[in-house]
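Below are the chains, spelled out letter by letter.
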Amino acid sequence: MCEKVCGIYAAQYNLLRDSVFHAVMFVPSVMMLSVFVSFVYIKTNRSILAGALVHMFSNLIGSQLLSSYTTDMSMLIRYINMAFFLGVIIYTTCSRKFKTEFTELRYIEL
């Protein structure tokens, strides 16, 4: 167990060692992922399992699958991922349908 956790932090340390900019871009990537997980949670009518699966696959891709690539290639994949998340964020802020779903979900919880 410790090897996996230490491996994840070692991967971030290696990213920092290669480029400070790439290490700093890790934070917005994680923030965008949280918006995407919330989006999936709302679109699946509050399914915690769906949000957990999205989070799990994001961790799998980020820590296991990208570790075999060079830093430049893994950062390119991360940027493509961030562009996708940015599209979801724009959709959630501009879509009236999503806003009504979110409002209905808030009233269900009350």
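The following refers to the structure shown.

About the cut-offs
Residues numbered from 1 in each chain as written. Predicted model: local features only at pLDDT ≥ 70, side-chain atom pairs only at ≥ 80, totals over all residues. Heavy atoms only, no water. Helix = DSSP H or I, 4+ residues; strand = E, 2+ residues; numbered from the N terminus. Expected span 1.5 Å × (residues − 1). Buried < 20%, exposed > 50% of the residue type's maximum accessible area, 1.4 Å probe, protein only. Arc of directions from axis to C-beta. Axes fitted to C-alpha atoms, helices over the stretch in contact; angles between N-to-C directions. Parallel < 35°, antiparallel > 145°, perpendicular 65-115°, else oblique. Left-handed = near helix turned anticlockwise from the far one by under 90°. Contact = heavy atoms within 4.5 Å. Nonpolar A, V, L, I, M, F, W, Y, C, P; charged D, E, K, R; others polar.

## Some thoughts on helix α4 (residues 48-65)
Move 1: The end-to-end C-alpha distance of α4 is 24 Å, a good match for the 26 Å that 18 residues give at a rise of 1.5 Å each.
Move 2: For α4, the set of buried residues is Ala50, Gly51 and Val54. Here the buried residues of α4 occupy an arc of 105 degrees about the axis, which is enough to place them on one side. Away from the buried face of α4 by more than 90 degrees, exposed residues Ile48 and Leu49 are located.

## Thoughts on the packing of helix α3 (residues 26-43) against α4
Move 1: At their nearest, the axes of α3 and α4 sit 8 Å apart, and the two run at 150 degrees to each other. With respect to each other, α3 and α4 are oriented roughly antiparallel. Helix-helix and strand crossings are classified by hand; for α3 and α4 the assignment is right-handed. Each of Leu33, Phe36, Val37, Val40 and Tyr41 in α3 lies in contact with α4, whose residues at this interface are Ile48, Ala50, Gly51, Val54, His55 and Ser58.
Move 2: Per-class residue counts for the contact of α3 with α4 are 8 nonpolar, 3 polar and no charged.

No statement about biological role is implied by the geometric values presented.
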